[in-house]
Amino acid sequence: MKIAIVGAGIVGVATAHALLDEGHEVLILDKEGPAFGPSRGNAGIIAHTDVLPLASPNILRKVPGFLLDPLGPLAIRLGYLPQLLPWLTRFLLAARPAAYERSIEGIIALQQLALPAWLARAEKAGLMGHIHRRGVLYAYRAASDTADLERLAQRQRAAGIAVDMLRPQELRQMEPALKDRFAGAAFHPDAAHISDPLALTMALFEAALARGAEFEKAQVDNISMGERPALIGPDGWQRVVDRVVVAAGAWSKPLAAAMGDHVPLDTERGYNVSFPGVTGLTSRPVGFKDDGFIMTPLESGLRIGGAVEFGGLHAAPNHARTKALYDKAATLVEGLPAFDSGRLWMGFRPSLPDSLPVIGRASRNRNVLYAFGHGHYGMTQSTATAGLVADLIAEREPAIDLEPYSPKRF
């Protein structure tokens, strides 16, 4: 069977491997090239320990502040607000208690597949050297947060996620570069991070080509309704295949709409600064709960990034946000290099209001499948998603119930 994958980010590349495993002929298409989007600039964490959606009951009271603080952990550009209102309405609905709990169930189901799927893929591809299992820390400064984090830890343990609550002195022993400003930390000993998002995505991409996958740099504007769908691009370009997988991240929405699925996909603009060659400051990723960012010791250098900005796909980056992240980090971590020595980046996370991706068949053509909208968890959930797509194409029962990720849920 010939299968085209639209999108050469980590989800598309991982899906290529899952389909090659089953003997399919695979064509990867991307208008820019492999690892162009957030697959090259993310935090580099296999964050299977994260189980909470962005929309939560306690976030509702904070929404007005998002409009007033352009440098805060979650910001909305005022000029983009009219376009964001339909998404924001669904976000507020997803924050209701019952909907919030449904989102958690959906996140946990995928996260439980994530790390085993990654380890299996890395082993098979000969890329285990890219996976570092030193755990992840989430440090917090306010002692009043302890009870909430203990409750979260109980929920995580119930989902099979190991977590240890650390006192300040234990945190400092693990990561001496952290200043003495923390009330404690949650430590996930089984969590993993990767050598570098770009390096790993490219290594998987090259491995897929070595296994027989083909790549074509092409823009896909539409997909036909035929039993053998045609991918259609500018100037009469077409490719006819047996199946199509839409894994184009933040650029997936128009293709889904052409297939009859009006998915409320928007983009979270994520910012970071990387310091090439700066290694050894910390031995594992450290998330800073109160400040909405994370610091990862990649093999290519230290990366500080995070936060969320809603401003669409076209507005210029606001790297004052990146500087604000750095300035916060400098108050919490000893020995950071100068900001001006860093490399700035902004990328587009494909975001759905309930923090769940879209995985399933298109409404108008069951031979077109979706694998997009993973938000902060594209790297984490990519190999698990790939396996679920392979299950659908093979017409076998997926490893988990896919109803929570259906494009029709909206």
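In the block above lies the structure referred to throughout.
These notes cover the structure that comes with them. This is a predicted model, so every value here is computed, not measured.

1. Considering the overall build of the protein
Then, in step 1: The secondary structure content of the protein amounts to 11 helices and 21 strands.
Then, in step 2: Taken over the C-alpha trace, the protein has a radius of gyration of 21 Å; the compact-globule value for 410 residues is 22 Å, and the two agree within 12%.
Then, in step 3: Projected onto its principal axes, the C-alpha positions of the protein cover 60 × 45 × 45 Å.
Then, in step 4: When burial is assessed residue by residue, the protein has 57% of its 410 residues classed as buried.
Then, in step 5: Sequence-distant contacts in the protein: of pairs separated by 6 or more residues, those separated by 24 or more amount to 75%.
Then, in step 6: Total accessible area on the protein is roughly 16100 Å²; 53% of this is exposed by carbon and sulfur atoms.

2. Notes on the packing of helix 1 (residues 10-21) against helix 11 (residues 378-393)
Then, in step 1: Contact geometry for helix 1 and helix 11: axes closest at 8 Å, N-to-C directions at 40 degrees. Of the possible angle classes, the one that applies to helix 1 and helix 11 is oblique. Both helix 1 and helix 11 take part in a crossing whose hand is right-handed. Residues Ile10, Val11, Ala14, Thr15, Ala18 and Leu19 of helix 1 touch helix 11, and the partners they reach there are Gly378, Met379, Ser382, Thr383, Thr385, Ala386, Gly387, Val389, Ala390 and Ile393.
Then, in step 2: Residue classes in the contact of helix 1 with helix 11 are distributed as 10 nonpolar, six polar and no charged.

3. Side note on unusual backbone geometry
Then, in step 1: The phi dihedral of Ala307 falls on the positive side, at around 65 degrees, and the residue is not glycine.
Then, in step 2: Looking at where Ala307 falls in the secondary structure, it is placed in strand 18 (residues 301-310).
Then, in step 3: Positive phi, normally seen in glycine, also occurs at Ser355, with a value near 65 degrees.
Then, in step 4: Tracing the backbone shows Ser355 in the loop between strand 19 (343-351) and strand 20 (358-361).
Then, in step 5: Overall, the relative accessible area of 18% leaves Ser355 in the buried class.

4. Here we look at the sheet that holds strand 10 (residues 214-217)
Then, in step 1: If you walk across this open sheet you meet the six strands as 10-2-1-14-21-20, and the pairing is mixed. Of all the strands in the sheet, the pair left with one neighbour each is strand 10 and strand 20. Between one strand and the next, the sheet's axes are offset by a mean angle of 20 degrees, whatever the strand orientation.
Then, in step 2: Where strand 1 (residues 2-6) lies against strand 2 (residues 25-30), five bridges are found, and the strand directions are parallel. When the bridges of strand 2 are listed, Lys2 appears paired with Glu25.
Then, in step 3: The strands that helix 1 touches are strand 1, strand 2, strand 14 (243-246) and strand 21 (368-372); relative to strand 1, the one it contacts most, it runs at about 165 degrees.

5. Things to note about the nonpolar core
Then, in step 1: One finds Leu19, Val26, Trp118, Ile131, Val245 and Tyr405 to be the most contacted residues of the largest nonpolar core, which totals 46 residues.
Then, in step 2: Those elements that provide at least two residues to this core are strand 1, helix 1, strand 2, helix 5 (97-125), strand 9 (192-194), helix 8 (197-210), strand 21 and helix 11.
Then, in step 3: Ranked by size, the runner-up nonpolar core spans 25 residues in total, among them Val273, Ile304, Val333 and Phe339.

6. A look at the side chain of His193
Then, in step 1: Here His193 shows up in strand 9.
Then, in step 2: Residue His193 is classed as buried on the basis of its relative accessible area of 0%.
Then, in step 3: Sequence-distant contacts of His193, that is, excluding residues within four places in its chain, are made with Gly44, Ile45, Ile46, His130, Ile131, His132, Arg134, Ser283, Arg284, Pro285, Thr296 and Pro297.

7. What about the packing of aromatic side chains?
Then, in step 1: Applying the stated criterion to the full structure yields nine aromatic pairs.
Then, in step 2: On the basis of an interplanar angle of 40 degrees and a centroid distance of 6.0 Å, the ring pair of Phe182 and Phe288 is categorised as tilted. Linking Phe182 in the loop between helix 7 (168-174) and strand 8 (184-188) with Phe288 in strand 16 (residues 286-288), this pair joins segments that are 106 residues apart in sequence.
Then, in step 3: Relative accessible area serves as the criterion here: at 8%, Phe182 is assigned to the buried category.
Then, in step 4: Look at Phe288 and you get buried, because its relative accessible area is 3%.
Then, in step 5: Ring plane angle 85 degrees and centroid distance 5.8 Å describe the contact between Trp251 and Phe348, whose orientation is recorded as edge-to-face. Residue Trp251 is found in the loop between strand 14 and helix 9 (253-258), and its partner Phe348 is found in strand 19; the two are separated by 97 residues along the sequence.

Cut-off values and rules
- Residues numbered from 1 in each chain as written.
- Predicted model: local features only at pLDDT ≥ 70, side-chain atom pairs only at ≥ 80, totals over all residues.
- Heavy atoms only, no water.
- Helix = DSSP H or I, 4+ residues; strand = E, 2+ residues; numbered from the N terminus.
- Rg over C-alpha atoms; globule rule 2.2 N^0.38 Å.
- Buried < 20%, exposed > 50% of the residue type's maximum accessible area, 1.4 Å probe, protein only.
- Contact = heavy atoms within 4.5 Å.
- Areas by Shrake-Rupley, 256 points an atom, 1.4 Å probe, with all protein chains shown as cover.
- Axes fitted to C-alpha atoms, helices over the stretch in contact; angles between N-to-C directions.
- Parallel < 35°, antiparallel > 145°, perpendicular 65-115°, else oblique.
- Left-handed = near helix turned anticlockwise from the far one by under 90°.
- Nonpolar A, V, L, I, M, F, W, Y, C, P; charged D, E, K, R; others polar.
- Pairing = 2+ DSSP bridges.
- Core = buried A, V, L, I, M, F, W, Y, C linked by side-chain atoms within 4.5 Å.
- Phe/Tyr/Trp six-rings, centres within 6.5 Å; stacked < 30°, edge-to-face > 60°.

Purely geometric stuff here, so don't read any function into it on its own.
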